[in-house]
Amino acid sequence: MNEFSPKLADRIFSEALDLPEADRDAFIERECQGHAALKLRLEKLLAGACASDENANQFDQIRDRVWRSASGAKQSAAEDLSGERIGHWLLEKQLARGGSSTVYLARRDDGEYDQRVALKVLRRGLDTDDIVARFHAERQILSTLDHPAIARIIDGGAITDGRPYLVLEYVNGDPISEYCQQQNCSEADRIHLIIDVLGAIALAHSHLVVHRDIKPSNILVSAEGRVSLLDFGIAKLLDPDTVPGVSMQTRQGVSLLTPGYASPEQLAGERISTASDIYQVGRVLRDLLNNRHASGDPTLEDTRAIKLPVDLAAILDMAMHPDADRRYLSAGDMVDDLRRYLDKRPVRARPDTLAYRFRKLVGRRPWLIPAIGLVVFTLSGYMVTLIKHNQQLKLEQERATTALEFMLETLRTKDPFTSVDSASGSGVTISEALDFGVQQLHGITSEDPELRLSLLNAMAEIYASLDQHLQAIELREAALELERTLYGTNSAAVVASLSKLATQYKTIGNYARADGFFSEQLTVARAIYPPDHPELGVAEAEAGWFESRKGNFSRSESLLRSGISKMRSEEAQYALPLVNAMVNLVRVQGSEAHQDNMQVLKDARRLADEFYGNRSALSALVLTEIGSALSDSGDYTAAEEYFNAAILVFQQVLGRDHGETLAVLRNLGVLYQRRGEFARAENLHREVLEHYLRKYGAAHRGTATGYEHVATAVASQGRLAEAEPLFQLAFESNVGVLGEQNPEAYWPLLAKVWSQLEAQAYIDAERQARSLIEVFVGLDSAQTLEGLAHCLAGMALEGQGRMADGRTLRLAGRGLLQSASLPAPYTTACGS
C-alpha cells in the first residue's frame, strides 16, 4: 500500500526538524516503519529544508540558469551597470545579484537634492512576458504598502533596452541573523525585531499580499536597530484583481522559493496563504533563538538547538505547525502571543489551565506571594512583640491584625485566581480581588483612620500599576482628604498625593483637573521645603509645564528653569523628572530658540543614557523631542531618522499601542504632513486614532488630537467635506473631557478654519471664525484663542478681497495675543 496521510508526513517532518541532524535518519526510519513512499517524501522535504539561508546564493544561481534556459536567453553573467546613469540616478556599485535582477547602490544625479537609493533592474535576457509582469507587480505591490519596516518605492521606469527597474529606499543594514550575532542581542531583543517584521507582514496581509520568501537575508536591520523587510519579487496576490492584467503564477518547473525557509505547503506545491508567511517568520525566529549562524562554509554551520522556554517553544510550534490551518490566524495574533510571553502573561499557544495562569501571574508579579508571606511573617512577629508591650500599643496590635485579615480576605475571597463571578467563565484576576477589597474597605470605620489611609494608598498604587486610573483616582482622592485631616494641608504626604493625582488625571486626558492639582502641589511644596530643595524643583517643573497649556509661556519657562536648576544638585537621584523638565522647557521655548533647544536636548540625552540606558523609554523620549525640534526647523530627513529610532525603542519597551509610542507616530505623521506627503500622513494618523479609540474611547485628549490630525490630512488632499465632520468629532471628544467652558476644547475648530483658508473656502472660514470669536468672548482665559480667531477671520476677509477690513481684524487679534506664542501652523496668522 503506497497511500499515506499528508498530515502524517507533515507531523513527522516537523518533529524531525527539531532533532539534531545526526538523529534524523534513525527517527524517520522508525516512524515510517518500512513505508517506502512516506520515507521518500520525508527525505525530499528534509533535503530542501536543510538548505541554509546562507546557501541561498547557490540556489539563486541554479534558478537563474533554469530561467535562462527556459527563455532561451543569452546573457553575460558578468553584466555590471556600475557607473551608468538611469533616469535621475547614477549607479555607484553593485549591492546584490539575485535570480532575476541586480540591485545597485545609486544616488540622485540631477542636482535637485542628494539622495541614496537602491536601484533594482531586471537582468538582461530575463525580460520574458511573465517575469516582466512579475517585476511590474512588485512595483504595484510596494506602492500600496506604507510601513516603517518595509522599504518604500521611490521611482520606477525602464532603461534604454526596455528592461524595467525599481528605485527603492536604501537600507544600510545587515541581515537579521548577522545583526543579532554582531550586537549580541538578548532573547528579548530578537523577539522585538521579529515583532517589527510581523508588523510589516500584517500590513502586507491586510492588502492581500503574501510575501512567500521571508528569510534572514530579506530582513535587514540598521545600526540603529530599524528593521526593513525586502524583496517582494515573488510575492503572491491573494486577489489577482488587485493588479489587473498581471499573472502571478509561478513559471512551470521553476520553484520561486528558498527551500531552507519554505513552508511544508510550498515545498509540496500546495495552496499558499498568509499562513505560509507565519511559518517562515517562525522559522527565522527559531533560528535566531537557536543562534544558527553560518561561518560561510556550510559544513561548519552550527545546528545545535538550545532548549527554549516552554511558552516560547509553544509559540514556535504553533507558528510552524505542519497543518497551515492550525497556525496563528494572523500576524497580529502571533505578535500578541510574543508580547504576552515578554510580559510573562499566559500565551494562547498553550492550554489555558488554572495552574498555568497561576504560575504566569506569579512570574510577572513575583512580589505577590513573597509580599503576602512577608506581611504575614512580619505582622505575626510584630503582633507577638506587641503583646509584650504596654497597653499604649494595643491599638497598633489591633491595626496590624485588621490589616492582615483584610489583605488575606481580599486575596483569598472567591479565589483571586478564578473568576469572582463564576458565571463569567473567565480566569481572574487580582483586579477583581481588588474590586472586592474596595467594597470591604468601606466597612472599615473611622475609628482607625491611619489604617484606612494605608490601605487606600496601597490599593490606589496597585490600580495605577494595572493601568486602571479611574479606580486609582477615586481611592487617591479619598486618601488625600484623609491626609489633610491627619497631617494638615502642608505635609510631604499631601504633596506626594497631589503629584500622583495630577499625573493620573493627565494620563486619562483631563488636563484641567491635572492643572489644578499641580498648582496646589507647588503651593504646598513651597510651604514645606527649603528654597533650593530638589523636591521643590520637581514641583516647580511640573506646575511650569501646565502653565504653558494656559498660554502663560513666560511664567512656564521661568518655573521650568528654576526647577531644573534645583534638581541639578542631585542629578543621579532626580534624573527622570530632570530630563522630563528639560524636554518640556524645549517645548515651551519653541522653534525660535532652536540652537538653545538642541543644546538642552543634548544634555538631556546624556542624562537619560547615563542613568537609564540608550535603549530606555526615557532616552526614546529625548530622541522624539530632538526629532520634533529638527522637524520644526525644516530638517525633515534627520527628524524622520530620530522619530523612527524612538518608535523602535518605544515599541520594544512599551508596545506599539502605548501612549508614548503613539505620540511619536503622531509626530511622524505631522512630519509627513509638513513634507506634503498627505496620504502617508493620513494613513499613520488613522492608525494612531484607532489605537486611542480602542484604548481610551472617544472622551480623551489623544483621541481628539487624532481626529484633528486625520481631518487636517484629509482636508489637505482637497476632501474638505469629508474633513469637516472629523474636526467636529475632535471638538466633541475634547468637550467630553474638558467641558465647553474650557478654551482648550476649541483648538480643532480653529484647525478647521485654517483648513478652510488653505482650501480658499473664505466665506465658510469667515463664518466659522466669527462664531468662535463670540464663544471666546464669553470664556475665561481665552484671550489667546480669541486673538487667533480674529486673525483667522481677517485672513478670510483678505481672501475675499476685503483687505482693509481684514487688516483691521488682524491688528485686533495681534493686540489680544500680546506676547503669547502660537503653535504651528498659526505663527503667521496675524502677520508680522
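The structure under discussion appears in the preceding block.
Residues numbered from 1 in each chain as written. Predicted model: local features only at pLDDT ≥ 70, side-chain atom pairs only at ≥ 80, totals over all residues. Heavy atoms only, no water.

### What about the packing of aromatic side chains?
For any pair of aromatic rings, the description consists of the separation of the ring centres together with the inter-plane angle of the planes. For the coordinates displayed, the defined rule picks out five aromatic pairs. With centroids separated by 5.7 Å and ring planes inclined at 10°, the aromatic side chains of Tyr505 and Phe517 adopt a geometry described as stacked. With Tyr505 in helix 18 (residues 492-507) and Phe517 in helix 19 (residues 511-528), the pair connects residues that are 12 residues apart, well separated along the chain. Ring geometry for Phe731 versus Tyr746: centroids 5.0 Å apart, planes at 45°, classification tilted. (Phe/Tyr/Trp six-rings, centres within 6.5 Å; stacked < 30°, edge-to-face > 60°. Helix = DSSP H or I, 4+ residues; strand = E, 2+ residues; numbered from the N terminus.)

### Remarks on the nonpolar core
Counting 60 residues, the largest nonpolar core has Phe517, Met567, Val579, Met582 and Val622 as the members making the most contacts within it. Val579 has contacts with Ala604, Leu607, Ala608, Leu618 and Val622, leaving out every residue within four places of it along the chain. Residues Leu122, Val132, Ile176 and Val335 belong to the second largest nonpolar core, which totals 51 residues. (Core = buried A, V, L, I, M, F, W, Y, C linked by side-chain atoms within 4.5 Å. Buried < 20%, exposed > 50% of the residue type's maximum accessible area, 1.4 Å probe, protein only. Contact = heavy atoms within 4.5 Å.)

### Observations regarding the packing of helix 30 (residues 747-758) against helix 32 (residues 783-799)
Contact geometry for helix 30 and helix 32: axes closest at 10 Å, N-to-C directions at 15°. With respect to each other, helix 30 and helix 32 are oriented roughly parallel. At the point where helix 30 passes helix 32, the crossing takes the left-handed sense. Contacts from Trp747, Leu750, Val753, Trp754 and Leu757 in helix 30 reach Leu785, Leu788, Ala789, Leu792, Met795 and Ala796 in helix 32. Its residues assigned to classes, the contact of helix 30 with helix 32 comprises 11 nonpolar, no polar and no charged. (Axes fitted to C-alpha atoms, helices over the stretch in contact; angles between N-to-C directions. Parallel < 35°, antiparallel > 145°, perpendicular 65-115°, else oblique. Left-handed = near helix turned anticlockwise from the far one by under 90°. Nonpolar A, V, L, I, M, F, W, Y, C, P; charged D, E, K, R; others polar.)

### Points about the sheet that holds strand 1 (residues 85-86)
In space, the six strands of this open sheet follow the order 1-2-3-4-6-5, with antiparallel pairing throughout. Looking at the sheet topology across the chains shown, the edges are occupied by strand 1 and strand 5 (153-158). Where strand 4 (residues 116-122) lies against strand 6 (residues 164-169), five bridges are found, and the strand directions are antiparallel. Pairing of Val117 across the sheet is with Glu169, part of strand 6. (Pairing = 2+ DSSP bridges.)

Structural measurements only, silent on function.
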